[in-house]
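# Fold and geometry: a report
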Amino acid sequence: MTRPSVCAHGDLVTCRPDALHVSTVRPILPAILAVLLHVLVAVQARAEDTPATTALEAGPFARAGAVLHVRVTQVTDVRAPGGALGRQVVRARVLRSFKGTVTSGEDVSILVVGQRPTLDPSRPSVPYFRKGQHVRFVVFLGRGRGKHAWQLQTLYDAEGRLGDEKVAAVAAVATWAAVPGADAKARQTLRG
């Protein structure tokens, strides 16, 4: 028969009266808690060194080399061998620059690769731009293969009142992206 008792150091001691053997069993819970606390402190320190990526930081605004509010002035279709429409070269006047080195009032050439999908089964895709279509867009551009031309990554229609709201939203994102440091961005986001 064993009889547990506590010694002066707080360890649990098991004594067997029929033997002269005394075994000490240290409580394991404090050791486990110490290891967990060490891990949590290390994880918190690493999280402060590298701020979490938000949807805005990882989205099209962050990936684009230039974000511009433009009015399309000219559309040129470039046919692939066999007559299929493969690319377009779009000339546009910059109304406002949100990101990049292009300034308002400049004319830019944009290479458009591919077509946009539709919900019409008889015509599953159509060109992004139509000839004679002189409308406003917010375009997200990246450098093309040779790094000399701008290539379309994505675009938003910016016509009418809804278009004005989209332009205002992109302007707000540009203001937020210009704030240096993760803490300052978090404070600005909370202020609204």
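These remarks concern the structure in this document. Numbering of residues starts from 1 in each chain and follows the order in which that chain's sequence is written. Per-residue local features of the predicted model are confined to residues with pLDDT of at least 70, and side-chain atom pairs are confined, for both listing and counting, to 80 or more; whole-chain, interface and lining totals are unaffected and use all residues. Calculated side-chain values reflect all of the structure's heavy atoms, with hydrogen atoms and water omitted.

### Notes on the overall build of the chain
- A run of H or I in DSSP counts as a helix once it spans at least four residues, and a run of E counts as a strand once it spans at least two, with each numbered from the N terminus. Tallying secondary structure elements over the chain gives five helices and 10 strands in all.
- To sort residues, take the accessible area from a 1.4 Å probe on protein chains only and compare it with the maximum for the residue type: under 20% means buried, over 50% means exposed, and anything in between is partly exposed. Counting over 192 residues, the chain shows a buried share of 25%.
- It only takes one pair of heavy atoms within 4.5 Å for two residues to be counted as in contact. Pairs at least 24 residues apart make up 46% of the contacts formed inside the chain by residues separated by at least 6 positions.
- Note on areas: Shrake-Rupley, 1.4 Å probe, and residue coverage restricted to the protein chains presented here. A total accessible area of about 13,100 Å² is found for the chain, and carbon and sulfur atoms account for 59% of it.

### A closer look at the side chain of His69
- You can see His69 is positioned in strand β4 (residues 66–79).
- Other than its neighbours up to four places away in sequence, His69 contacts Arg93, Val94, Leu95, Arg96, Phe98, Arg136, Phe137, Val138, Ala158 and Val167.

### Thoughts on the pairing of strand β10 (residues 150–157)
- Strands pair, by our definition, only if DSSP identifies at least two bridges between them. Two elements, strand β6 (residues 107–113) and β10, share two bridges in a ladder whose sense is parallel. Looking across to β10, one finds that Ile110 is bridged to Trp150.
- As paired elements, strand β9 (residues 136–143) and β10 share seven bridges and run antiparallel to each other. Bridge pairing in β10 places Leu141 opposite Leu152.

### Observations regarding the pattern of salt bridges
- We define a salt bridge as a side-chain nitrogen of Lys or Arg found within 4 Å of a carboxyl oxygen belonging to Asp or Glu. Evaluation of the coordinates by the stated rule reveals three salt bridges.
- Arg136 is paired through a salt bridge with Glu159; the nearest N and O atoms lie 3.8 Å apart. Linking Arg136 in strand β9 with Glu159 in the loop between β10 and α4 (160–177), this pair joins segments that are 23 residues apart in sequence.
- Arg136 sits in the buried class, given a relative accessible area of 15%.
- The exposure class assigned to Glu159 is partly exposed, which follows from its relative accessible area of 33%.
- Put simply, Arg136 and Asp164 hold a salt bridge, and the shortest N to O gap is 3.1 Å. With Arg136 in strand β9 and Asp164 in helix α4, this pair connects stretches of sequence that are 28 residues apart.
- Residue classification places Asp164 among the partly exposed positions, given a relative accessible area of 42%.
- Bridged by salt links that share partners, the residues Arg136, Glu159 and Asp164 form one connected network.

### Overview of the nonpolar core
- With 20 residues, the main nonpolar core has Leu68, Ile110, Phe129, Phe137, Val139, Leu141 and Leu152 as its most contacted residues.
- Within the residue set of this core, elements represented by two or more residues are β4, β5 (85–99), β6, β9 and β10.
- For this core, the element with the highest residue contribution is β4, accounting for five residues.
- Sequence-distant contacts of Leu141, that is, excluding residues within four places in its chain, are made with Ala64, Gly65, Ala66, Leu68, Ile110, Trp150, Gln151, Leu152 and Gln153. Each nonpolar core is a collection of buried residues, namely Ala, Val, Leu, Ile, Met, Phe, Trp, Tyr and Cys, held together in the definition by side-chain atoms within 4.5 Å.

### A short note on the side chain of Gln88
- Within the element layout of this structure, Gln88 appears in strand β5.
- Residue Gln88 is classed as buried on the basis of its relative accessible area, which comes to 2%.
- Throughout this description, a polar contact denotes any pair of N or O atoms lying within 3.5 Å of each other; where both atoms belong to protein, one of them has to be capable of donating a hydrogen while the other can accept it, and for residues adjacent in sequence the pair is counted only when both atoms sit in side chains. Among the polar contacts made by the side chain of Gln88, one reaches the side chain of Asp77 at a distance of 3.0 Å.

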